[in-house]
Amino acid sequence: MATNLRRFGSIFIRGFSSSSSVLGSSVEAHLLQPPVATGTAGKSINLYTAINQALQIALDSDPRSYIFGEDVGFGGVFRCTTGLADQFGKHRVFNTPLCEQGIVGFAIGLAAMGNRAIAEIQFADYIFPAFDQANTSTMLIVNEAAKFRYRSGNEFNCGGLTIRAPYGAVGHGGHYHSQSPEAFFCHVPGIKVVIPRSPKQAKGLLLASIREPNPVVFFEPKWLYRLAVEEVPEGDYTLPLSEAEEGISCELIDLKTLIPWDKETVEASVRKTGRLLISHEAPVTGGFGAEISASIVERCFLRLEAPVARVCGLDTPFPLVFEPFYMPTKNKILDAIKDTVNY
Amino acid sequence: MNISIWLTRTKIGGGNFVKKIICNNLGLCSYYHSPTSSTTLLNSHLSNSTIRSKDYGFHRKGTFRFLYSSSSSVMFDGGRRHNATKAGGQLLSENDTENIVFKESQGEEFPGGKIGFTSEMNFLPGSSEKRVQCYRVLDEDGYPLSSTTMEHVSKEVGLKVYSGMVRLQTMDKYFYEAQRQGRLSFYMTSFGEEAINLASAAALTSDDLILAQYREPGILLWRGFTLQEFANQCFGNNAGHGKGRQMPVHYGSKNLNFMTISSPLATQLPQAVGVAYSLKIEKKDACVVAYFGDGTTSEGDFHAAMNFAAVMDAPIVFICRNNGWAISTPVTDQFRSDGIVVKGPSYGIQSIRVDGNDALAIYGAVHKAREMAINEQRPILIEAMTYRVGHHSTSDDSTKYRPIDEIEHWKTMHSPITRMRKWIERKGWWSEKHELDLQSDLINQVKNAIGEAEKAVKPQLRYLFTDVYEDLPTNLIEQERLLRETVQRHPQDFPIDVPL
């Protein structure tokens, strides 16, 4: 299926939180078993277990790393921190009060002291109070984490900060347990934005994010926590940020890191096929697909044989009952591919 | 060593209780409600040793626990944990419970601890009848209050605090003038708040980490940040902290343990708790001191930070400069509580209100708070009462919203600098000649610093792109290349004092 897609043009899909329903089983098989040959072979595990392994390794390999957030102590509502408090103690893995701006602000301070602060925001939908700190979790994230190094002329930094947040649709999440807020963060210089699509990716990218000397917002596709299962190396390994992956197929590109994103891989693909389809769950207007589209038009204008197509979420609040209408579904994508090829 | 005394209370009719506690020789003291009550008392240096239970919503059958330290004349207390959530926290051992005179006949083990029941429908008051008093050492004429407890201040420290206050005032005066003349883009003065700046800094060690707002440059001054360094940052030149990226007065210094100032209010507060947690884990003999104003306490981040600090048992001292005004918003539009100090106990944080224009009171309270924060690993809140004598910033004209008489009154009648000077003169440490020497020397230094900073080159263009990340990512490399091409094509469009 992935190879069949090639003749239809390049497809960029960011965050496969809906990969199974969108692309059908054969593509899913490719997605879930990417030919990434890093580390030693391991057991077949799901995505949240892979996250748990990465966190365990992060704590084990660096005594100055800490994990905290709402309900993290007992293992987290998605079980990603299971067993960690018991293994490493409550001074390193702990619950925080229910306050996202507090979590991110606290994490920035901890990271600024040279620690690795791994903060969990229970749902990406709740990251907005922290926007300032990261800019509060978005403002804390946007105005604080993102500018910590720059505003001090590199005297201070909070590069040890990683903010994890489950994001995207889950089938029944409604307005506030389904959103994909990545574009907000991509608009802010100073933070990196990473989204894994599979257990092996999740583990390697999360460890890379934790060890990255810049603050990272790490969105975990929660629909795949249990759904995505693949063989994951048991040991410690990292996958590079900002390198898109062509291994799935030449034409189906998983960007994995949105900021800074791997323009070259997408450009090379479009130069070959003359076509591009971009898909993400977040609303289409002002989404990250717009940025990709603009960049590719700038670089490949004369090579394009059809307008860049976008199959994304609708410009509505994330709807509960109408979720299937909202989502970039399999047939929406197939129709768009046909339109692009027949243009 | 803490000694606890359990006292019963006496019913005096009307359902109200009066508890007499003898504490004449104890200076600051505090009252700790029984584990069966749902109320924690505010900790303050109460000169009045009688507490009316009605004011604080005590329950009928509670007991008070009265604590004092045999080794210190000053004792804060009141809530390592709220009584109701942890039955007295560290202060109450299981054996102690045998000493409780009254036990609730009824009660329930709610999550977080046992809570008793009462047949009286008592709403806790929104505020006490009497406002929390200010701890003060010197009166307006620089005389120590007769019964005050004060931290010893050496001649060296006393003179350094005073000359630092004058230094800050002089710097503010000439930097402000430079902005009025169009030489600086912006400036903010600390007029009227010099004592909080210098005396709090003096009570700390250089290992203590500072996360400040923007009206505390005196801390940097105390720690050795030079007038030239202040001027360089304000002029955004190549030598300045932050490489010309932030507005003036957004200072910082890694060497001086002073984290770079950020414009958004209160964002530094939860960060400060994270920093404090790091110190705690590393068992450092240091604490974090976080500064902010009265307006900032309305931000969510303030409340987040207070709660986090209490829950994390973080060694941090919160110092609120309550100067009465958040730009044009008076405290009466800012909150309905008795200022900031009363907010501390509701988070389980020991708190004190201090006369912010009394350098010795600030010095003593911060010194004690630091000791408690580190030794007991807990947060402390200090509310320093003061007045913002200057405009909010150079973008503000405060005579538009407050009477000039009010400003003049505080400027002339309550100057923290004048009060400190009277005290050091009375001590025989200072004279008119000292004053003249200090002033003339200072004015030259400030003027020189401004002149040098103004002449210095601006940061190079490359600093526009560096430090966004540790290394330049490809998008920024590309954008820098494109920008440089543009500058070459249209050099007339760009400032000439930025080196390419």
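Note that this is a predicted model, so its numbers are computed, not measured.

Quick notes on the rules
Residues numbered from 1 in each chain as written. Chains lettered and ligands numbered in written order. Predicted model: local features only at pLDDT ≥ 70, side-chain atom pairs only at ≥ 80, totals over all residues. Heavy atoms only, no water. Helix = DSSP H or I, 4+ residues; strand = E, 2+ residues; numbered from the N terminus. Areas by Shrake-Rupley, 256 points an atom, 1.4 Å probe, with all protein chains shown as cover. Pairing = 2+ DSSP bridges. Axes fitted to C-alpha atoms, helices over the stretch in contact; angles between N-to-C directions. Contact = heavy atoms within 4.5 Å. Phe/Tyr/Trp six-rings, centres within 6.5 Å; stacked < 30°, edge-to-face > 60°. Buried < 20%, exposed > 50% of the residue type's maximum accessible area, 1.4 Å probe, protein only. Lys NZ or Arg CZ within 6 Å of the ring centre and 35° of its normal. Salt bridge = Lys/Arg side-chain N within 4 Å of Asp/Glu carboxyl O. UniProt positions renumbered as here; feature names shortened; annotations may be inferred. pLDDT = per-residue confidence, 0-100. Patch = residues over 30% accessible without salt bridge, like charges linked within 9 Å, V, L, I, M, F, W, Y side chains within 5 Å. Arc of directions from axis to C-beta. Polar contact = N/O pair within 3.5 Å; in protein donor to acceptor, adjacent residues only side chain to side chain.

Before going further, it helps to spend a moment on the overall build of chain B. Helix and strand counts for chain B come out as 15 helices and 15 strands. Summed over all atoms, the accessible surface of chain B reaches about 21,700 Å², with 52% contributed by carbon and sulfur.

All names here are of chain B. With parallel pairing, the 5 strands of this open sheet are ordered in space as S9-S10-S11-S15-S14. The sheet terminates laterally at strand S9 (209-211) and strand S14 (350-355), the two strands that pair on one side only. Along the sheet, successive strands turn relative to each other by an average axial angle of 20°, direction set aside. Judged from the 6 bridges that link them, strand S10 (residues 288-293) and strand S11 (residues 316-322) form a sheet pairing that is parallel. Residue pairing in the sheet places Gly293 in a bridge with Arg321 of S11. Seen against the sheet, helix H4 (residues 194-202) touches S10, S11 and strand S15 (380-385) and runs at an angle of roughly 165° to S11. With respect to the sheet, helix H7 (residues 268-281) is in contact with S9, S10 and S11, its orientation differing from that of S10 by roughly 170°.

Inspection of every chain in the model, using the stated rule, returns 24 aromatic pairs over all chains. Judged by centre distance (5.4 Å) and plane angle (75°), the rings of Phe78 of chain A and Phe123 of chain A are edge-to-face. Of this pair, Phe78 of chain A sits in the loop between strand S3 (65-69) and helix H4 (84-88) while Phe123 of chain A sits in the loop between strand S5 (116-120) and strand S6 (129-130), and the two are 45 residues apart along the sequence. You can call Phe123 of chain A buried: its relative accessible area is 13%. Measuring from centroid to centroid gives 6.1 Å for Trp261 of chain A and Phe288 of chain A, while their planes differ by 80°, and the two rings are edge-to-face. Remark: Phe288 of chain A occurs in helix H13 (residues 288-300) and Trp261 of chain A occurs in the loop between strand S13 (257-259) and helix H12 (263-273); sequence separation between them is 27 residues. Each member of the pair Trp261 of chain A and Phe288 of chain A is classed as buried. By the ring-pair criterion, three or more aromatic residues cluster together here, those being Tyr66, Phe68, Phe94 and Phe106 of chain A together with Tyr277 and Phe308 of chain B. A cation sits over an aromatic face here: Lys192 of chain A above Tyr469 of chain B, 5.6 Å from the ring centre. The cationic tip of Arg426 of chain B hangs over the ring face of Tyr143 of chain B; the distance from NZ or CZ to the ring centre is 3.7 Å.

In this section: the pattern of salt bridges. In the structure shown here, the tally under the stated rule is 40 salt bridges over all chains. With a shortest N-O distance of 3.7 Å, Glu264 of chain A and Arg299 of chain A are connected by a salt bridge. Linking Glu264 of chain A in helix H12 with Arg299 of chain A in helix H13, this pair joins segments that are 35 residues apart in sequence. Taking the relative accessible area as the measure of exposure, Glu264 of chain A reaches 43% and is therefore partly exposed. Notably, a salt bridge pairs Asp355 of chain B with Arg419 of chain B, separated by 3.0 Å at the nearest N-O pair. Taken together, the residues Asp355 of chain B in strand S14 and Arg419 of chain B in helix H13 (residues 416-426) connect sequence positions 64 residues apart. Across the pair, exposure class does not vary: Asp355 of chain B and Arg419 of chain B are buried alike. Linked by salt bridges that have partners in common, Lys263, Glu264, Glu267, Arg271 and Arg299 of chain A together with Glu478 of chain B make up one network.

Let us now look at the UniProt feature "domain: Dehydrogenase E1 component" (unreviewed entry) in chain B. If you check UniProt for "domain: Dehydrogenase E1 component" (unreviewed entry), the listed places come out as residues 165-460 of chain B in our numbering. In residues 165-460 of chain B, the share of helix is 46% and the share of strand is 11%. The end C-alpha atoms are 35 Å apart.

This paragraph deals with the confidence of the model for chain A. Of the residues in chain A, 83% have a pLDDT of 70 or more, and the chain-wide mean is 83. Considering only residues more than four positions removed or in separate chains, one finds that residues 1-39 of chain A, a stretch of pLDDT under 50, has 110 contacts.

All names here are of chain A. On the surface, Leu320, Val321, Phe322 and Phe325 cluster together to form a nonpolar patch covering roughly 460 Å² of accessible area. Tracing the chain through its elements places Phe325 in helix H14 (residues 323-326). On the basis of relative accessible area, Phe325 is assigned to the exposed category, the value being 56%.

All names here are of chain B. Among the residues of H13, those classed as buried are Pro416, Ile417, Arg419, Met420, Trp423 and Ile424. What you see down the axis of H13 is that its buried residues fit within an arc of 165°, all on one side. Those residues of H13 hidden inside the fold are in contact with helix H3 (155-180), H4, S14 and helix H11 (359-375). The residue sitting at the N-terminus of H13 and contributing the capping side-chain oxygen is Ser415; that oxygen lies 3.2 Å from the backbone nitrogen of Ile417. One or two residues past the end of H13 sits Gly428, with phi positive at roughly 80°.

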